[in-house]
There are 2 protein chains.
Amino acid sequence: MNYQALLAPRTAAMGSNAIREILKVVARPGMISLAGGVPAPESLPVALFAELTHAVVARHGAGAFQYDLTEGFGPLREALAGYLGGKGIRTTAAAILTASGSQGVLDALGKALIAPGDAVALEAPTYLGALQAFAPYGPRYVELATDEDGLRPESLAVALDREKIKLIYLVPNFQNPTGRTIPLARRRAIAGMLQASGTLLVEDDPYGDLRYEGAPLPPIQTLAPEHVVYVGTLSKVCAPGLRVGFCVAPEPLRSWLVRIKQGVDLHTGTFSQALAAEYLAGGHLPRQLQRILALYRPRRDALLEALGRHLPAGFHWSTPLGGMFVWVEGPPGLDAEKAYRRAVERGTAFVPGKYFFPLPGRGAATLRLNFTGADPAGIRRAVGILGEVLEGEGNVRPAPAQPTTVRRASAESARCPGAR
Amino acid sequence: MNYQALLAPRTAAMGSNAIREILKVVARPGMISLAGGVPAPESLPVALFAELTHAVVARHGAGAFQYDLTEGFGPLREALAGYLGGKGIRTTAAAILTASGSQGVLDALGKALIAPGDAVALEAPTYLGALQAFAPYGPRYVELATDEDGLRPESLAVALDREKIKLIYLVPNFQNPTGRTIPLARRRAIAGMLQASGTLLVEDDPYGDLRYEGAPLPPIQTLAPEHVVYVGTLSKVCAPGLRVGFCVAPEPLRSWLVRIKQGVDLHTGTFSQALAAEYLAGGHLPRQLQRILALYRPRRDALLEALGRHLPAGFHWSTPLGGMFVWVEGPPGLDAEKAYRRAVERGTAFVPGKYFFPLPGRGAATLRLNFTGADPAGIRRAVGILGEVLEGEGNVRPAPAQPTTVRRASAESARCPGAR
């Protein structure tokens, strides 16, 4: 039977999500991975979950294992309202929708809002998973310029001036893949543009709690609540395997997201949500977060220190104040994809940066390095190898720009590693 | 800000999934519900989950709480291969995709296969959640005729002869909403038509294990494996709150469903899947299933007996050998929607059957009754009330056929109760 002939045209726009590929690379014995975007296993409160399970069973009984409302498990939405209040987001349980990871929110937003050809403006580079959530709905990506301080507001102003933008997607805190953070002045400027132009922003904030230095910045949502869907997740501060994400969205957008989610999975797992509610309401998050920060901070420091020691001249990199990633820009002509293959042969993995660009042919000389997946000693060893590999690749003459494949299904994209 | 103006055109085809509405109706104090499609709370192995949690933590440690492969949690896919073998489905873990409930499979199938205007053939009436999973992708529904033995093969033959059918959706065992089961001879005829026409069938089997009498029938998948995506769930035989469903699909269709699922939720909850794996591998399902059958069988018997005693002349109903539902057809002119409102006023809920028809204006005189949500005494009391309500409604003259709204967002559909 010819299954290919059955595929809907929208499948042509779907690249392979590379998270599974990276998990396979990371899983190889002896591999030191700077490629992942997954929490360190030792950062997960494994023992705590048995305790939380008993509390959930005692508190909710069968209700924790039954069908539940699409909007989300009540006690979790209540707990999230308090958690978000701590970020300055003034909301109520009723305005919160829980989802199967923040990915579930991105898919629902794409289905609700993106008609084929609609302009979606995002940072270049940006989160691969957002591109893959939106792609089936046929967006036309509009790239926004970034610098060391993330999105350049003037770039957004030009885009808004030039055409109707259906939605803007940003990761303002410790962005994936660059690790950069948008400063307060720029957040105010962006909020002003949203209000002036009546444009909707999807503010994705998976890393905001993972701050190793400096004071937290207010979410853009707090500056323009009517124009922002704030998206969060417990994957980085509790456990990704629960698949519990959430969003705060203005009505009637929230009720449309609920209606859409009903057709996708009815609701997010009740038991997972009940565990997450117990985790938040029980005050476990602040304690656990301290452990996570104490684990990750030295890893970030080790990576930055090792980069300074091992990377050849002509390489520059970001200095993230939080999150999981450092962004490296090599000299023109560097083929990071080729370097990736060489590095993997020598037991070190990273993600070629080109895969994080919405449009083809960009970022061939860039790399995303993760620092949460290996310990400081492993990170130093990996960067030592990386330095040698890049030394050998640095002087190649420019290769013809190859179209990248994040928006197109191909063997190449299927091999491309990357992760939230 | 005008959020309505931002909505993609596909949202016009999205009705509200009524599962949440029914949950609200069921939740009213004193309400006896024949409307739900949810397992009895007392059927859920609540105490067992604490035990399973300890086993999962001991066996998998952090791996049970980490990101995992989109294809599904390995040990669960292995256990499902054995479980499906017991149904005569010869498959391997590699051919199985786990999903966030069977709803997650239906959404992925719609996204992969349905282009706007594609013909999707299904029983009339059929499962509301399937209509809502497919609707955003723009299908044109082709209704197939049914009788006491479910789908009438000649009706399928006519549809396949008349036009290109992109996919067929059937619930062959104890169908929702009718409770009817397609006999073996018809399954063979359907399989033959799939092979002769090269058409794909989505065989949804959430209720197959809930058989109260008679011998199990082979899934259509076993008769035409290359032409069938078999969809299952643990919601009815373990716990819906885990949101663990699965499918067996031929390659390359399975790999497309994986790619699509990646953009929707990355993967289904690891912990939920690990608990499900422990439940299956630990041999808990057969024991639990016996408890469930012992609980539900008397409820079905009580409902059928009470219908015989209380329903006025001119009413007919199905006699399901399993599952959760009995289908009632009233005399022409009955307005089951009106009867529903009267019944709810008197503390009894059911689902007007018209909401389960793919096309508008059908089934105004039909009702779906669930027998798993109340005990035999409650069922008898509810049917007593229902009999009085229908007695009063039975002789009204035919109301003009109102268009139903499963495919259109409206206040009416938003109020319509219904559930898997």
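Residues numbered from 1 in each chain as written. Chains lettered and ligands numbered in written order. Predicted model: local features only at pLDDT ≥ 70, side-chain atom pairs only at ≥ 80, totals over all residues. Heavy atoms only, no water.

Asks: Even after reading the chapter, I still don't get the pairing of strand β4 (residues 140–144) of chain A, so can you show me in this structure?
Replies: In terms of residue burial, β4(A) counts as a mostly covered element, since 4 of its 5 residues are buried. Crossover connection from strand β3 (residues 119–123) of chain A via helix α5 (residues 128–134) of chain A to parallel β4(A): handedness right-handed. (Buried < 20%, exposed > 50% of the residue type's maximum accessible area, 1.4 Å probe, protein only. Helix = DSSP H or I, 4+ residues; strand = E, 2+ residues; numbered from the N terminus. Right-handed = clockwise from strand over helix to strand, strands pointing away.)

Asks: Explain the environment of L144(B) here, please?
Replies: Residue and element names in this part refer to chain B. By secondary structure assignment, the location of L144 is in strand β4 (residues 140–144). As a C-alpha pair, L144 and A159 span 15 residues in sequence and 7.7 Å in three-dimensional space. Residues within four places of L144 in sequence aside, it is in contact with A121, L122, E123, A124, L151, S155, L156, A159 and I168. (Contact = heavy atoms within 4.5 Å.)

Asks: Can you walk me through unusual backbone geometry in this structure?
Replies: Note: most peptide bonds trans; most residues except glycine with negative phi. Backbone torsion omega between N176(A) and P177(A) reads 20°, so that peptide bond is classified as cis. You can see P177(A) is positioned in the loop between β7 (165–170) and α7 (184–197). Although it is not a glycine, F174(B) adopts a positive phi angle of roughly 50°. Looking at where F174(B) falls in the secondary structure, it is placed in the loop between β7 (165–170) and α7 (184–197).

Asks: Teacher, can you tell me more about the domain arrangement of chain A here?
Replies: Put simply, an interface is often sized by how much accessible area is lost when its parts join up. All names here are of chain A. Entries for chain A in the domain assignment read domain 1 (15–44 + 287–415) and domain 2 (46–283). Buried area between domain 1 and domain 2, summed over both chains or domains, comes out near 3200 Å², and the portion from carbon and sulfur atoms is 61%. Taken together, the links from domain 1 to domain 2 amount to 3 salt bridges. The shortest N-O distance in the salt bridge between R300 and E213 comes to 2.8 Å. Where domain 1 meets domain 2, there are 13 residue pairs in polar contact (both at pLDDT 80 or more). Looking at the side of domain 1 that touches domain 2, the elements with two or more residues in it are α10 (284–310) and β12 (325–329). Class assignment for the residues of the side of domain 1 that touches domain 2 results in 21 nonpolar, 8 polar and 7 charged. (Domains from an automatic or database assignment. Buried area = accessible area lost by both parts, 1.4 Å probe. Salt bridge = Lys/Arg side-chain N within 4 Å of Asp/Glu carboxyl O. Polar contact = N/O pair within 3.5 Å; in protein donor to acceptor, adjacent residues only side chain to side chain. Nonpolar A, V, L, I, M, F, W, Y, C, P; charged D, E, K, R; others polar.)

Asks: Is there a simple way to explain the interface of chain A and chain B in this structure?
Replies: Counting residues at the interface gives 90 residues for chain A and 90 residues for chain B. With both sides pooled, the region where chain A packs onto chain B buries about 7200 Å², and carbon together with sulfur makes up 65% of that total. The three residues of chain A that bury the most area against chain B are Y3(A), F65(A) and Y67(A), which together make up 11% of that side's buried surface. If you look at where chain A meets chain B, you find 2 salt bridges. Across the salt bridge formed by K111(A) and D107(B), the nearest N and O atoms sit 2.8 Å from each other. Where chain A meets chain B, there are 34 residue pairs in polar contact (both at pLDDT 80 or more). Those elements that place two or more of their residues in the side of chain A that touches chain B are α1 (19–27), α2 (46–60), α4 (101–113), α5, α8 (253–265) and α9 (270–281) of chain A. The leading source of residues in the side of chain A that touches chain B is α8(A), at 9 residues. Looking at the side of chain A that touches chain B residue by residue, the classes come out as 47 nonpolar, 28 polar and 15 charged.

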